[in-house]
Structures are given as C-alpha cells and as structure tokens.
Amino acid sequence: MGLNMNNKNKKTLSIEILPTEDCNNHCTYCIQKGMHKKVYLKEEQVDKIFDFISSYRKYDSNVNQINIMLFGGEPLLNKSVCDKVFDYCAENYYNVSVITNGLLIDQYIDKLKILSDKNLLNVQISYDGIEIHDKNRCNTSSQVLNAIDLLHKNNIKSLLLKATIPLNGFDDIYKCWLEHINILHMDYVPTIDYSFNALNDDNIDYYLKKFEAQLLKMAKYCIKHNIKNPGTDLLRLNGKSMCTAGHYFIAFGSTLNISKCHGTAFEDPIITEHIIG
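A brief look at the structure comes next. Only a predicted model underlies this, so the values are computations on that prediction, with no experimental measurement involved. Positions within a chain are numbered from 1, following the residues in the order the chain's sequence is written. Confidence filtering applies because this is a predicted model: local features only for residues at pLDDT of at least 70, side-chain atom pairs given and counted only at 80 or more, and all residues used for totals across whole chains, interfaces and linings. Note that the side-chain values use all heavy atoms of the structure and ignore hydrogens as well as water.

1. What to know about the packing of helix α6 (residues 173–184) against helix α7 (residues 204–224)
- Axes, fitted as lines to C-alpha atoms, cover a helix only where it is in contact. Angles between the N-to-C directions of the axes lie from 0 to 180 degrees. Only DSSP runs of H or I with at least four residues qualify as helices, and only runs of E with at least two residues qualify as strands; both kinds are numbered from the N terminus onward. At a minimum axis distance of 9 Å, the contact between α6 and α7 shows a crossing angle of 35 degrees. In this structure, α6 contributes Ile173, Tyr174, Trp177, Leu178, Ile181 and Asn182 to the contact, and α7 contributes Phe211, Gln214, Lys217, Met218, Tyr221 and Cys222. Note on definitions: a residue-residue contact is assigned when non-hydrogen atoms from the two residues lie within 4.5 Å.

Right, here's the structure in full:
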C-alpha cells in the first residue's frame, strides 16, 4: 500500500488504522511481543479520521483512490470501530484491507461479503500450516481453518494466507507448503522469523542446511508432478518493498497518534520524532 505510480496524475492515499494494540493470541514469534496493550480506538476518534480523509481529498484533487488498512494488535477485537470502518468503506467505495489472525472472522462475515462483492476487500490471515501453526500460535489452527473455509464459502475473492517460519519450524516447511497447495489450494507465502536475533552467526549454517533440504524436497515434488508454478515466493530474490514514508501513507494509532510509516505505528516506547500529529 502506498503511492500508485502507474500514472503521475493518479494518486492513492493509504490510511492505516490500529483499532487496538490488544490481541487475542500469544504467538511465540510476534514482532510486537510484550507490546500489546488494552488500548482501543473510540468511534468518535474514527470519525475524526474520516473527516481527515474528506479534507485531504479536497486539499489534493489528484487523490482519486483511498486504501484503508486495519492492523493491530488484532484489529477485529474492536468490533464497533471495525463495523464503522467497513460500513464507511462500502458506502464511499474505498478499498479496505484487514490484517488478522482470523479468530473473529465469523463476527464480520456479512460486512466482509458486502465489501468483497464490490471488489473493495483484501483479507490477510496469519496461517503457517498445521505443523508450525499449533506449536507457535496456541493450537488455533482448527479455528483459523474454519475461518478460511467460511471466507471461501462466502466467495470472498481476495484472500492471502501469510505464514511465518520460526526456528522450530524449519523441518516442517515442505509439509506446510504441501498443505497450502494441495489442501487449501492457496499459495504458501512465508516469512522467516528474523526477530529477536533468532538467526545469528552461530546457527545460520545449521538452519541453511535444513532450509536447503526442504527446498530440495519441494523441487523434487514439482518435477515429479510437473508443477510449473510452485505456489510460493520462498525463492523470490527481491523481497524488499518500497518504504511508505512520505508516499501518501499515514498511520493512525489506537490513541489517534499519527505517523507516516507503518513500521513506527506501534513502537514501544514511542519515538517522538516519528509522530507527525
């Protein structure tokens, strides 16, 4: 999300909203570990965000598209605010993306379907594959799989599963990939856990050998079954994305603090130089 650069005269304003810093799961590799707070955005504060969007569109007539992203914590914990955002986006034809662990999807399925039917919705669910997921996400795989199934049954078209590979999951990469492509019929899009210095000079060679062995099993399977698209970006050479700071991206925290970068939206402690409002 950020500046749409396909046409100089067409600009996309991306707004990230943190409905809460709270979470209903305790993932072992959470990048916000120890930072979750029971802080919830209020409905009247969301109205101020909507007012800001309206004012900004009047200020910059080149902005012709709005993308709103709900992040957290677990954003869906704040039901009144999420309901308000979903209704607002459906009414104004603004795109909305939801980054969620999937545990509360059933409470929103009707509103998500309305947005999806208007081609306004993207949903990203954190799911690693059963072997890795249950070891690191509090045995919630069955709940998440039910949420994925519910989204499919309601024809939610734009759904991404985002996985994490922690150190205790390197031996399970192949199994998780097979589950994604053969059972879920979705791409396997993992990120290796680089947090908290999990990988370092002392263990990198050990885990590289494990990683190589898993990729070799994947390659052999693809050759054997004549699979030309392996359904994973594990071997993508350039995994970097453009920094959003200064590129029509604004993040509103759960206390309505404003920053210009996704990465600084949930800092603890907050670095005052990163707050712009």
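2. Focus: the pattern of salt bridges
- We define a salt bridge as a contact between a side-chain nitrogen of Lys or Arg and a carboxyl oxygen of Asp or Glu at a distance within 4 Å. Counted by the stated rule, this structure contains nine salt bridges.
- Note that aspartate 47 and lysine 84 form a salt bridge whose closest N and O atoms lie 3.3 Å from each other. Of this pair, aspartate 47 sits in helix α1 (residues 43–59) while lysine 84 is found in helix α2 (residues 79–92), placing the two residues 37 residues apart along the sequence.
- Summary of the burial criterion: residues with accessible area below 20% of their type's maximum are buried, those above 50% are exposed, and those between are partly exposed, where the area comes from a 1.4 Å probe applied to protein chains only. Using a relative accessible area of 31% as the deciding quantity, one classes aspartate 47 as partly exposed.
- A salt bridge links lysine 111 to aspartate 87; its shortest N-O distance comes to 2.9 Å. Of this pair, lysine 111 sits in helix α3 (residues 109–117) while aspartate 87 sits in helix α2, and the two are 24 residues apart along the sequence.

3. Details of the packing of aromatic side chains
- Here a Phe, Tyr or Trp ring, Trp counted by its six-membered ring, pairs with any other such ring whose centre lies within 6.5 Å, and the pair is stacked when the planes are under 30 degrees apart, edge-to-face when over 60, and tilted otherwise. Taken as a whole, this structure holds twelve aromatic pairs when the rule is applied.
- An aromatic cluster of three or more residues is present, and its members are Phe52, Tyr56, Tyr59 and Phe252.
- Here, a charge over a ring means that NZ of Lys or CZ of Arg falls within 6 Å of the ring centre while also lying within 35 degrees of the ring normal. Above the ring of tyrosine 108, the side-chain terminus of lysine 79 is found at 5.0 Å from the ring centroid.

4. Brief notes about the environment of threonine 164
- Assignment of secondary structure puts threonine 164 in strand β5 (residues 159–165).
- Overall, the relative accessible area of 16% leaves threonine 164 in the buried class.
- Each C-alpha atom of the pair threonine 164 and isoleucine 192 lies 5.7 Å from the other, and the pair is 28 residues apart in sequence.
- If near-sequence neighbours (up to four positions away) are discounted, threonine 164 is found in contact with Tyr29, Asp128, Ile132, Arg137, Thr191 and Asp193.

5. A few points about helix α5 (residues 141–153)
- For a helix, the expected span equals 1.5 Å multiplied by the residue count minus one. Its 13 residues place the ends of α5 18 Å apart at the C-alpha level, agreeing with the 18 Å of an ideal helix rising 1.5 Å per residue.
- Regarding α5, the residues found buried are Ser141, Val144, Ala147, Ile148 and Leu151. Looking straight down α5, one finds that the buried residues subtend no more than 125 degrees of arc, so they occupy a single side. Every exposed residue of α5 that faces more than 90 degrees away from the buried side is listed here: Asn146 and Lys153.
- Buried residues in α5 make contact with α3, β4 (121–126), α4 (130–136) and β5.
- Among the residues trailing α5, asparagine 155 stands out with phi positive, at a value near 55 degrees. Think of the arc as the fan of directions from the helix axis to the C-beta atoms.

6. A closer look at the pairing of β4
- Bridge count for strand β3 (residues 95–100) against β4 is five bridges, and the pairing is parallel. Bridge assignment links threonine 100 to a residue of β4, and that residue is isoleucine 125.
- With α3 bridging β3 and its parallel neighbour β4, the resulting β-α-β unit is right-handed.
- Summarising the sheet, β4 and β5 pair through four bridges and their orientation is parallel. The residue of β5 that forms the bridge with valine 123 is leucine 159. Strands pair, by our definition, only if DSSP identifies at least two bridges between them. Convention used here: a crossover is right-handed provided that the path from the first strand, over the helix, to the second strand proceeds clockwise when the strands point away from the viewer.

7. Some remarks on the environment of phenylalanine 211
- Here phenylalanine 211 is to be found in helix α7.
- Those residues in contact with phenylalanine 211 that sit more than four places away from it in its chain are Phe170, Ile173, Ile192 and Leu234.

8. Describing α1
- With 17 residues, α1 should reach 24 Å at 1.5 Å per residue; the first-to-last C-alpha distance of 24 Å fits that figure.
- Looking at α1, one finds that the buried residues are Gln45, Val46, Ile49, Phe50, Ile53 and Tyr56. Within α1, the buried residues cover an arc of 155 degrees as seen down the axis, which keeps them to one side. Facing away from the buried side of α1 by more than 90 degrees, the exposed set consists of Lys48, Lys58 and Tyr59.
- Elements that come into contact with the buried residues of α1 comprise β1 (11–17), β2 (63–70), α2 and β7 (249–252).

9. Digging into the nonpolar core
- One finds Ile15, Ile68, Val85, Phe86, Ile125 and Leu151 to be the most contacted residues of the largest nonpolar core, which totals 49 residues.
- In terms of residue count, α2 provides more of this core than any other element does, seven residues in total.
- Working definition of a nonpolar core: buried Ala, Val, Leu, Ile, Met, Phe, Trp, Tyr and Cys residues. They are joined through side-chain atoms within 4.5 Å. One finds Cys176, Tyr207, Leu215 and Tyr221 within the second-largest nonpolar core, a separate group that totals 19 residues.

10. Considerations on the pairing of β7
- The alternating pattern of β7 places Phe249 and Ala251 and Ile250 and Phe252 on opposite faces, both of which are buried.
- Relative to β7, β1 runs parallel, the two being bridged by four bridges. Residue pairing for β7: isoleucine 15 is matched across the bridge by isoleucine 250.
- In this structure, β7 lies alongside strand β8 (residues 258–259), joined through two bridges in antiparallel fashion.

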